[in-house]
Amino acid sequence: MAPMAPMGRKRAVELVKTRRLPVWLGAPHPSVMILEQDTKFRIRQLVIDAAEAERASAEALAQGEPWMPEQYYDLGKPAGEIYAEADTVEGLIVLMKNMRWPDEW
């Protein structure tokens, strides 16, 4: 995923309202995802497995392909800290509107 600008709360809420999930947040690279997971709607940290990243990098370089930050961040999985969680989309939207929203999101 190419570097991206922060999405902002307003646009993230719009996407969640239309259930266009998952939504990646973070600038310049995604570090958080809004998704439905385990019957909950969550904003969750993306975690990159270091061993997986090292293997993928080594494979790409061995094949003469570049290894870019975008490829590294594409390995992020929603497995880290849960910043917000609700049973419904509507509940998540309420949380999103009232929570601290980091500038980089």
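Relevant structure appears above.
Below is a summary of the structure that appears in this document.

1. Considering the nonpolar core
Note on soluble globular proteins: their nonpolar side chains tend to be buried together.
Then step 1. Leu25, Ile34, Ile43, Leu92, Met96 and Trp101 are the most contacted members of the largest nonpolar core, which has 19 residues in total.
Then step 2. The residues contacting Ile34, other than those within four sequence positions of it, are Ala12, Val16, Leu21, Pro22, Val23, Leu25, Arg42, Ile43, Leu92 and Met96.

2. Topic: the environment of Thr18
Then step 1. Mapping Thr18 onto the fold places it in the loop between helix H1 (9–17) and strand S1 (23–25).
Then step 2. Sequence separation between Thr18 and Val89 is 71 residues, and the spatial gap between their C-alpha atoms is 9.4 Å.

3. Regarding the packing of aromatic side chains
Then step 1. Under the counting rule described, the total for this entry stands at three aromatic pairs.
Then step 2. With a centroid separation of 5.1 Å and an interplanar angle of 90 degrees, the aromatic rings of Tyr72 and Tyr73 are classed as edge-to-face.
Then step 3. You can call Tyr72 partly exposed: its relative accessible area is 32%.
Then step 4. Overall, Tyr73 belongs to the partly exposed group, its relative accessible area being 30%.
Then step 5. Measuring from centroid to centroid gives 5.3 Å for Tyr83 and Trp105, while their planes differ by 65 degrees, and the two rings are edge-to-face. One end of the pair, Tyr83, is in strand S4 (residues 77–86); the other, Trp105, is in the segment after helix H4 (89–98), with 22 residues separating them in the sequence.
Then step 6. Of the aromatic side chains, those joined through ring pairs into one cluster are Tyr83, Trp101 and Trp105.

Cut-offs and rules
- Residues numbered from 1 in each chain as written.
- Predicted model: local features only at pLDDT ≥ 70, side-chain atom pairs only at ≥ 80, totals over all residues.
- Heavy atoms only, no water.
- Core = buried A, V, L, I, M, F, W, Y, C linked by side-chain atoms within 4.5 Å.
- Buried < 20%, exposed > 50% of the residue type's maximum accessible area, 1.4 Å probe, protein only.
- Contact = heavy atoms within 4.5 Å.
- Helix = DSSP H or I, 4+ residues; strand = E, 2+ residues; numbered from the N terminus.
- Phe/Tyr/Trp six-rings, centres within 6.5 Å; stacked < 30°, edge-to-face > 60°.

Bear in mind that shape data such as this cannot, by itself, settle questions of function.
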